[in-house]
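Listed here are the chains, written in short residue letters.
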Amino acid sequence: MYQEVILDHYKNPHGRGLRDGDAEVHHVNPTCGDEITLRVKYDGTTITDVSYEGQGCSISQASASVLNDLLVGKELSDAQKIQETFLELMQSKGRIEPDDAMEDVLEDAVAFAGVSKYPARVKCALLSWMAWKDATAQALGGADAERKTA
Amino acid sequence: MYQEVILDHYKNPHGRGLRDGDAEVHHVNPTCGDEITLRVKYDGTTITDVSYEGQGCSISQASASVLNDLLVGKELSDAQKIQETFLELMQSKGRIEPDDAMEDVLEDAVAFAGVSKYPARVKCALLSWMAWKDATAQALGGADAERKTA
Amino acid sequence: MTQLPGLLDTEAIRKDFPILDRQVHDGRKLVYLDNAATSQKPRQVLDALSEYYERYNANVHRGVHVLAEEATALYEGARDKVAEFVNAPSRDEVIFTKNASESLNLVANMLGWADEPYRVDRETEIVITEMEHHSNIVPWQLLAQRTGAKLKWFGLTDDGRLDLSNIDEVITEKTKIVSFVLVSNILGTVNPVEAIVRRAQEVGALVCIDASQAAPHMPLDVQALQADFVAFTGHKMCGPTGIGVLWGRQELLEDLPPFLGGGEMIETVSMHSSTYAPAPHKFEAGTPPIAQAVGLGAAIDYLNAIGMDNVLAHEQAITEYAVRRLTEVPDLRIIGPATAEERGAAISFTLGDIHPHDVGQVLDEQGIAVRVGHHCARPVCLRYGIPATTRASFYLYSTPAEIDALVEGLEHVRNFFG
Amino acid sequence: MTQLPGLLDTEAIRKDFPILDRQVHDGRKLVYLDNAATSQKPRQVLDALSEYYERYNANVHRGVHVLAEEATALYEGARDKVAEFVNAPSRDEVIFTKNASESLNLVANMLGWADEPYRVDRETEIVITEMEHHSNIVPWQLLAQRTGAKLKWFGLTDDGRLDLSNIDEVITEKTKIVSFVLVSNILGTVNPVEAIVRRAQEVGALVCIDASQAAPHMPLDVQALQADFVAFTGHKMCGPTGIGVLWGRQELLEDLPPFLGGGEMIETVSMHSSTYAPAPHKFEAGTPPIAQAVGLGAAIDYLNAIGMDNVLAHEQAITEYAVRRLTEVPDLRIIGPATAEERGAAISFTLGDIHPHDVGQVLDEQGIAVRVGHHCARPVCLRYGIPATTRASFYLYSTPAEIDALVEGLEHVRNFFG
Ligand SMILES: Cc1ncc(COP(=O)(O)O)c(C=O)c1O
Ligand SMILES: Cc1ncc(COP(=O)(O)O)c(C=O)c1O
C-alpha cells in the first residue's frame with residue numbers, strides 16, 4: 001500500500017502550511033487522532049489555494065499533499081468531480097483497478113487504490129478531502145458546514 | 001427415582017390436612033410453584049402433630065407424608081437429627097448410598113436417595129422439611145423464623 | 001412414518017445436528033422437544049465458530065493487522081446478514097447484545113434516560129401484556145419504579161389470546177412505549193401486531209416487539225411490522241449462546257442516549273467528558289461477542305438455505321399434528337390456543353392433576369426432553385390458575401415420530417401416576 | 001535461540017494454539033503481539049465449546065431433563081472454577097457478564113440505584129484514575145452525569161505511574177467508590193493496590209478493581225486485594241469472546257439492587273411486582289453465555305495446568321527482554337515505566353515522529369501484529385501529548401524470537417520512512 005508516490009508526498013508535502021483563506025476547518029479522525037486544519041481560498045468558483053497544517057500518518061499527510069496538487073487552480077465543478085472519483089476509489093474495498101480514464105482525473109491520487117483494501121486506513125486518506133469539502137461549503141455558503149468527519 | 005415407597009406416599013399421604021397447631025408457616029418453591037402450609041404442635045419438646053396442606057409434585061407431596069410419619073411423636077432433638085440426616089442425604093448429589101445406620105434413622109425417607117441426583121428436584125423433597133424447621137423455630141421461639149425456602 | 005404436507009426433509013436436516021444422535025438414560029434416543037428454551041446447533045455453526053478462533057481471532061475495529069481486519073470483516077459481515085434477515089433498511093440499525101433480555105433492557109434504559117419527546121417519567125405510561133416473558137416484564141417494572149411511570153397491560157382471554165377489547169383505555173395519549181411479544185413462549189399465541197401498532201401510532205407511542213420466539217420460526221420483516229424496536233436472541237435460532245439482537249429505527253438510535261459505557265462505543269474521551277460513536281457502535285460497549293456474532297451469521301446462512309417460509313410450513317404441519325394428537329390424550333388440557341391457527345410451535349398443557357415436574361421427569365426417563373414450570377411467564381400461570389405447565393416445543397428438525405413418542409410417553413405418565 | 005530464566009516451554013505450548021501456525025501476507029509467519037487486545041485460544045478451549053454444543057447444549061436452570069441438568073452442571077461448574085481461580089470466599093460471589101465493560105457498568109449502575117449507605121448522588125464523589133480504560137471511565141462519567149455526583153481522578157507521573165501524592169485530597173469522606181485498573185493496558189503499569197485500598201477503607205469508600213489485564217497474566221486473589229468488586233474478561237485469558245466476570249463481596253451483592261431485569265434473575269414475578277433471586281442469579285438476567293462460561297472454565301483449567309506463577313515468571317522474563325531490546329532501537333520512546341519492574345506484558349512506545357499507524361502497517365506487512373492507536377485510553381495519550389502509540393503485548397506463548405522479529409521489524413520501519 002505504501003506506493004513510492006505516497007512516500008514522496010509524505011516526505012515532501014506540497015503546499016503545506018497555513019496561508020490566507022476564505023474559510024478554515026479543523027477535522028479529526030477520532031479513532032487514530034489524525035488531525036488537519038485546512039483553509040480554502042476562492043476567486044469566484046476558481047480554487048486559488050488550499051493550505052493546511054496537520055499531524056497524522058503518512059497516508060493522511062500524503063493525501064493532503066496530493067489534494068493540494070490536484071485542486072489548486074481548478075474550477076469548483078472539476079474539483080468536485082475529482083473529489084467524488086477519489087471517494088469512489090477509496091470506498092471500493094480494493095475492487096477498483098484504476099483505468100486510464102480514472103488516472104486522467106486522479107493523477108498521483110490513483111496511488112491510493114491499495115489503501116482502499118484497508119478499512120482502518122480509508123478514513124486517513126479521506127480526512128483532508130472531507131475537510132476540503134466542508135471548508136468549501138463554508139466559503140461559498142452551503143449546507144453541511146458544521147459536520148465533522150465521522 | 002420414583003421408588004414404590006414414594007409413589008405410595010404420594011397416592012396415600014399420611015397425616016395430610018390442617019389441624020390445630022402452635023405455629024403455621026407457608027413455604028413456596030418459586031422455581032416450580034410447589035407450595036405447602038404446615039403447622040406444628042408441641043407438648044414441651046415433644047412433637048405431637050405435624051399437619052399440612054399443599055400442592056406440588058409427587059416428590060414434595062410424598063416427602064411431607066414421610067416427614068409426618070417420621071417426626072410425629074419424636075423428641076425435638078431426635079427430630080432435628082432426622083432432619084439433618086435427610087438434608088445431608090438430599091445434598092449428596094447421589095453420592096451417598098444409605099447404609100443400615102442411615103436407614104435406621106430415616107426409614108422410608110431413604111427412598112429419596114435417588115432424588116438427590118436431580119438438583120432441580122432436591123428443593124421439592126426439602127420443601128416440607130424446611131417448612132417444619134421454620135415452624136418449629138416459630139413455635140419454640142428461635143432464630144430464622146421469617147425465612148422462606150430459597 | 002407419518003407424512004404431512006409441508007414437512008422438511010428432516011432426515012437430511014437432522015444429520016447436521018450432532019446432538020440429535022445422542023442417547024440418554026442408557027441407550028434411549030434423545031427426543032428433544034425443548035426448542036422454545038433453546039435450539040440445537042448445526043455443524044455449520046460449530047464449524048464457523050472453530051474456524052473463527054483457529055484462523056481469524058482478534059479484537060475488532062481499529063486494528064491495522066491482518067487478523068484484526070479479518071475479524072472485523074467477519075463481525076461486521078454478521079451484522080449485514082442479520083440486517084438482511086430481518087429486512088432492516090440499514091445495517092446500522094442492528095445492535096448486537098448478549099441476549100434478548102439485554103436488548104429489552106437496553107430499550108427500557110434508553111427511554112429512561114432520554115430527553116423529550118421519548119423520555120419516560122412520572123407523567124407517562126408504559127404498556128405491556130400479561131403474556132410477556134419475564135424479560136419483557138421486569139425491565140419495565142424497574143423502569144416504572146425508577147421513573148414513577150405507570151405500568152399497564154393487556155389481559156388475556158380464556159383461550160390464550162390478548163384481550164384487546166379495551167385497547168383505547170390501555171394505550172392512551174400518556175403512553176410512551178408499548179412492548180409486547182410477537183409469539184408467546186408459553187401459550188404459543190401469535191399476536192395481532194397490526195391492531196396494536198395502529199393504536200400506538202395514533203397516540204404517538206413507540207412500539208417494541210419481542211420477537212424471540214418468532215425470529216427462529218418464521219420470516220421476520222421489521223419494516224412490515226412497523227415497529228420501532230425488535231428484539232431477539234441467537235441461541236433459539238441455531239446460533240450460539242451469548243448473542244442477541246436489537247433492531248431499532250435509525251433516527252431513534254441517533255437521538256437516544258447510550259446505555260453501557262466503555263470501549264468501542266465512544267467517539268472521543270477526555271477525563272471531563274466523552275462523545276459517542278454513531279449507532280450501532282454507541283450501544284456496543286466493550287469487546288463485543290465477536291465469535292458469537294459470526295456464529296449467528298452462520299446460523300442465518302443455514303436457515304436461509306432452507307428458507308424461512310419452509311421452516312414455517314414445516315412447523316405449522318408439525319404443530320397441527322401435535323395439537324391433534326395431544327387433544328386425544330385423556331385429561332390433557334392445552335393452555336393457550338387449542339387449534340393450530342395463529343400459533344407457534346410451543347404447546348403448553350396440564351395433564352389431570354399430575355404435577356408438571358412429574359410429567360417432565362417421567363418423560364425424561366424415556367428420553368423425551370420437555371420443559372416444565374412457569375417458563376419465565378408466571379403471570380400466565382396465575383391467570384389460568386395453575387402452578388405450572390408442561391411445554392413441548394418444536395423446530396425445523398422435529399418429526400411426527402417425535403410427537404408420537406411424546407403422546408406415548410404421556411400415556412405412560414398417566415399409568416404411572418394413575 | 002535466546003534462553004532466559006523463567007521461560008515456559010513455548011514450543012509445546014504453541015502447539016495448543018492452532019492460529020499461531022497461521023501464515024499471513026503470502027507466507028509470512030504470524031507474530032502475534034496484540035495480546036492485550038485479545039488472547040488466542042488453545043485447542044482445549046475450542047474442544048470444550050464444541051463438546052458443549054455437540055453433547056450437552058440446553059438452557060440452564062429449572063430443567064428436569066438430562067441435557068438441562070448436564071448443561072446446568074457445566075455452567076455452574078464453570079462458576080466454581082472461576083471462584084477458585086480468584087480465591088473467592090464463595091462461589092455465589094461470581095457473576096457472569098458478557099465482558100469486563102458490562103461488569104464495570106454493572107457496578108456503576110448498582111451504586112446509582114442503591115439505597116444508603118451505598119447510593120451515589122449529588123453529595124458524593126467517585127474516584128478513578130487518568131490511566132483507566134474507557135470502560136472504566138465512561139460508566140462513571142455517565143453515573144456522575146445522571147446522579148450529579150462529582151468525578152475525580154488520580155493523575156500520572158512522567159514515568160507512567162499513578163501520582164498518589166495528593167491521595168488524601170482525592171479520596172475524601174465524600175468518596176463512595178474508588179475504581180481503578182490493576183494493570184494498565186496502555187502503560188503496562190502495575191498499580192499499588194494496598195495504598196489505595198487503605199485510604200478508601202479509611203473513608204468508608206467501596207473499591208472496584210479492573211483486573212482485565214491482570215487475571216490473564218498473574219495469580220489473582222480477591223481476598224488479598226481487599227477490594228469490594230473485581231472485574232475481568234474472558235477473551236483476554238484464553239477464553240471465548242462474550243464472557244466476563246464480576247466478583248463482588250457477598251453482603252454487597254445481597255444489599256445492592258439488580259441492574260438488568262428478566263428471566264433467571266427473579267424469585268417470583270407478578271404483573272404488579274417482582275422479587276429477585278439471591279446473588280449471583282440476581283445479576284444474570286436472561287439466558288446466560290452458557291457455552292462461553294464453559295469455555296472460560298476450560299481456559300482456567302488450561303492456565304492452572306501451567307500454573308499462574310509460571311505464566312507470570314515467563315512474562316516477566318519476556319517483558320524484561322523486550323524492554324532491553326526496545327531501548328536499543330533509536331528514537332524509540334517507551335510510554336510508561338521504562339523498566340520491567342512493576343509492569344505487565346504490554347509495552348507502548350513511539351518511534352520518532354513516524355505515526356503509529358504507519359509503524360503498525362509496515363510491521364503487519366512483515367507478519368507482526370501489534371496494536372496502534374489510543375488503546376481505549378485516550379486520556380493517557382493526552383497526558384503525554386501524543387496522538388497515539390504502538391503497543392506490543394505478550395502472553396504465555398510469546399518467545400524471545402518474536403521480540404527479535406519485532407525489533408528487526410522496527411528497524412525496517414525506520415528505514416522505510418527514514
Ligand atoms: C484494562 C482494561 N479494562 C477493561 C477492558 C474491557 O474489556 P472488554 O472489552 O472485554 O469489556 C480492557 C480490554 O479491552 C482492558 O484492557
Ligand atoms: C418470548 C421470549 N422473550 C424473551 C426471552 C429471553 O431470551 P434470552 O433468555 O435469550 O434473553 C425468551 C427466551 O427465554 C422468550 O421466549
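Fair warning: this is a prediction, and the values are worked out from it, not measured in the lab.

Enquirer: Just checking my understanding: could you explain the packing of aromatic side chains for this structure?
Expert: Aromatic ring pairs: the centre-centre distance and the angle between the two ring planes describe each pair. Per the stated rule, a full pass over the model turns up 24 aromatic pairs over all chains. Measuring from ring centre to ring centre gives 4.6 Å for Phe86 of chain B and Trp129 of chain B, while their planes differ by 25 degrees; the resulting arrangement is stacked. Pair noted here: Phe86 of chain B is in helix α3 (residues 76-90) and Trp129 of chain B is in helix α5 (residues 119-140), with a separation of 43 residues, a long-range link. Of the two residues, Phe86 of chain B and Trp129 of chain B, neither departs from the other in class, the shared state being buried. One aromatic cluster in this structure is built from Tyr2 and Tyr10 of chain A together with Phe416 and Phe417 of chain D.

Enquirer: Just checking my understanding: could you explain the interface of chain A and chain D for this structure?
Expert: In many reports, interface size means the accessible area that the parts give up when they come together. With 19 residues of chain A at the contact, the number on the chain D side is 15 residues. Carbon and sulfur atoms make up 52% of the area that chain A and chain D hide from each other, which totals about 1,300 Å². Of all residues in chain A, the largest losses of buried area upon contact with chain D belong to Tyr2, Tyr10 and Cys32 of chain A, amounting jointly to 36% of the total for that side. Of all the elements in the fold, those that place two or more residues in the side of chain A that touches chain D are α1 (4-11), α2 (58-71) and α5 (119-140) of chain A. A breakdown of the residues in the side of chain A that touches chain D according to their chemical character gives 11 nonpolar, 5 polar and 3 charged.

Enquirer: Would you mind showing me how to read the pattern of salt bridges here?
Expert: Close approach of charged atoms allows side chains of opposite charge to pair. If you walk through the whole model with that rule in mind, you get 60 salt bridges over all chains. For the salt bridge of Lys41 of chain A with Asp20 of chain A, the shortest nitrogen-to-oxygen distance reads 3.9 Å. Residue Lys41 of chain A is located in strand β2 (residues 34-43), and its partner Asp20 of chain A is located in the loop between α1 and β1 (23-29); the two are separated by 21 residues in the primary sequence. Here Lys41 of chain A falls in the partly exposed class, since its relative accessible area comes to 26%. Between Arg249 of chain C and Asp228 of chain C there is a salt bridge, with its nearest N and O atoms 2.6 Å apart. Placement of Arg249 of chain C in the loop between β10 (244-248) and α9 (250-255) and of Asp228 of chain C in the loop between α8 (222-225) and β9 (229-233) is noted, with a sequence separation of 21 residues between them. Assessed through its relative accessible area of 7%, Asp228 of chain C is described here as buried.

Enquirer: What is the right way to read the interface of chain C and chain D from this model?
Expert: On the side of chain D, 98 residues touch chain C, which itself brings 98 residues to the contact. Between chain C and chain D the total buried area reaches about 7,900 Å² when both faces are included, carbon and sulfur atoms providing 58% of it. Applying the counting criterion to the chain C and chain D interface returns 4 salt bridges. Glu102 of chain C is paired through a salt bridge with Lys98 of chain D; the nearest N and O atoms lie 2.9 Å apart.

Enquirer: In this structure, what is going on with a negative patch on the surface? I would like to understand it.
Expert: All names here are of chain A. A cluster of acidic side chains, namely Glu4, Asp8, Asp69, Asp99, Asp100, Glu103, Asp104, Glu107 and Asp108, defines a negative patch on the protein surface. The set of elements that each furnish at least two residues to the negative patch consists of α1 and α4 (100-106). Along the chain, Glu103 falls in helix α4. For Glu103, a relative accessible area of 40% gives the class partly exposed.

Calculation criteria
- Residues numbered from 1 in each chain as written.
- Chains lettered and ligands numbered in written order.
- Predicted model: local features only at pLDDT ≥ 70, side-chain atom pairs only at ≥ 80, totals over all residues.
- Heavy atoms only, no water.
- Phe/Tyr/Trp six-rings, centres within 6.5 Å; stacked < 30°, edge-to-face > 60°.
- Helix = DSSP H or I, 4+ residues; strand = E, 2+ residues; numbered from the N terminus.
- Buried < 20%, exposed > 50% of the residue type's maximum accessible area, 1.4 Å probe, protein only.
- Contact = heavy atoms within 4.5 Å.
- Buried area = accessible area lost by both parts, 1.4 Å probe.
- Nonpolar A, V, L, I, M, F, W, Y, C, P; charged D, E, K, R; others polar.
- Salt bridge = Lys/Arg side-chain N within 4 Å of Asp/Glu carboxyl O.
- Patch = residues over 30% accessible without salt bridge, like charges linked within 9 Å, V, L, I, M, F, W, Y side chains within 5 Å.
- Areas by Shrake-Rupley, 256 points an atom, 1.4 Å probe, with all protein chains shown as cover.
- Lys, Arg positive; Asp, Glu negative; His and termini not counted.
- Charge placed at Lys NZ, Arg CZ, Asp CG, Glu CD.

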